[in-house]
Amino acid sequence: MIEIFMVAFVVLVLLLVMSGVKIVHQGYRYTIEHFGRFTRVAEPGINFVIPFVTRVGRKINMMEQVLDIPGQEIITKDNAMVAVDGVVFFQVLDAAKAAYEVSDLYTAIMALSTTNLRTVMGSMDLDETLSKRDEINARLLAVVDHATESWGVKITRVELKDIRPPADIVNAMTRQMKAEREKRAAILESEGMRQSEILRAEGEKQARILQAEGQKEAAFRDAEARERAAQAEANATKSVSDAIAGGSAQAINYFIAQKYVEALGKFATSPNSKTILFPLEATQLMGTLGGIGELAREVFGKDGAVTVPVRSKTSGSGLPKVES
């Protein structure tokens, strides 16, 4: 009997010791209560409590958690009905406050996020709610985080998953967007045509300017050439005049004969006729050519006559006729 009693006592002691050992997993905190009153927070690992005197009160998840905000309909400032849903990311920093400062942490955070979401989006127009998601998220984060600070909870992020306007508003927005795009397309097309006309006009302007510059340069070159030709003619005339003034009568004969021969050459090369009538006496032509021969003898200092192969006839009208 004594042996049985000793075995039973040992087993009872082991059961009591085992019931006092509590293992806390990583990422969790346990609150320890002594006769119902909170005393401490059990850290991850092996913790020992006194059986029947102390016990584990709440098991608090200390990891970052995600809480879905269910879809709800919100009336915006301009009386548009939109359906919104989102998510809230939070993390418990103080296990004791999260366990004893609020009755149901998850329900409280959800209700707080929902009511503040209605408040924030209800103060904005529909266009603002669709285009300013970042602003809505920031305002919700600031409000909810401040409210949950006393619960030992840190709100890390608040994100809106979807904003769904009514179907008629979506159709109206689609038509408006289409009209805006068509308007921009028409404006861009007109701007392109305007720019094209401007460039074409600029090109024509530059072409006319260049053409005028070319004509101006050509006229300047032509005038310069005529001026130089006139200067050369004047120099030649002056040389002949100086020669005549020096007593050489053959110089004027040479000058006249040269012009006469040039004119005769132009008549001779005419393709329209081979018979040319001159209103001059044949003896004048021969005298002029003879003067050229005498001038050549004076200039070159050689003797001999200049022979000119010219045949002259008298036409029926009495005018000299030259055939070639």
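Notes on the structure follow.

How each quantity is defined
- Residues numbered from 1 in each chain as written.
- Predicted model: local features only at pLDDT ≥ 70, side-chain atom pairs only at ≥ 80, totals over all residues.
- Heavy atoms only, no water.
- Core = buried A, V, L, I, M, F, W, Y, C linked by side-chain atoms within 4.5 Å.
- Buried < 20%, exposed > 50% of the residue type's maximum accessible area, 1.4 Å probe, protein only.
- Helix = DSSP H or I, 4+ residues; strand = E, 2+ residues; numbered from the N terminus.
- Pairing = 2+ DSSP bridges.
- Axes fitted to C-alpha atoms, helices over the stretch in contact; angles between N-to-C directions.
- Salt bridge = Lys/Arg side-chain N within 4 Å of Asp/Glu carboxyl O.

This part is about the nonpolar core. Leu 105 and Met 121 are the most contacted members of the largest nonpolar core, which has 33 residues in total. Elements supplying a minimum of two residues to this core: strand E6 (65-75), strand E7 (81-92), helix H2 (95-100), helix H3 (105-122), helix H5 (133-148) and strand E8 (153-164). Per-element accounting of this core gives the leading share, 7 residues, to H3. By size, the runner-up hydrophobic cluster in this structure holds 6 residues, among which are Val 24, Ile 32, Val 49 and Val 56.

Strands sit in the order E6-E7-E8 across an open sheet of 3 strands; the sheet is antiparallel. Among the strands making up the open sheet, the edge pair consists of E6 and E8. Strand-to-strand twist in this sheet, taken as the mean axis angle between neighbours without regard to direction, amounts to 20°. Strand direction decides the pairing type here: E7 and E8, joined by 10 bridges, are antiparallel. Along E8, the bridge assignment pairs Gly 86 with Leu 160.

For the rest of this paragraph, the subject is the pattern of salt bridges. According to the stated counting rule, one finds 12 salt bridges in the structure shown. Salt-bridge contacts for Arg 29 lead to Glu 43; the nearest nitrogen and oxygen are separated by 3.0 Å. Within this pair, whereas Arg 29 is found in strand E2 (residues 28-34), its partner Glu 43 is found in the loop between strand E3 (37-42) and strand E4 (45-48), the two being separated by 14 residues in sequence. Across the salt bridge formed by Arg 55 and Glu 33, the nearest N and O atoms sit 3.0 Å from each other. Here Arg 55, found in strand E5 (residues 54-61), pairs with Glu 33, found in strand E2; they are 22 residues apart in sequence, far enough to count as distant. Three or more residues are tied together by salt bridges with common partners; here these are Asp 85, Asp 162 and Arg 164.

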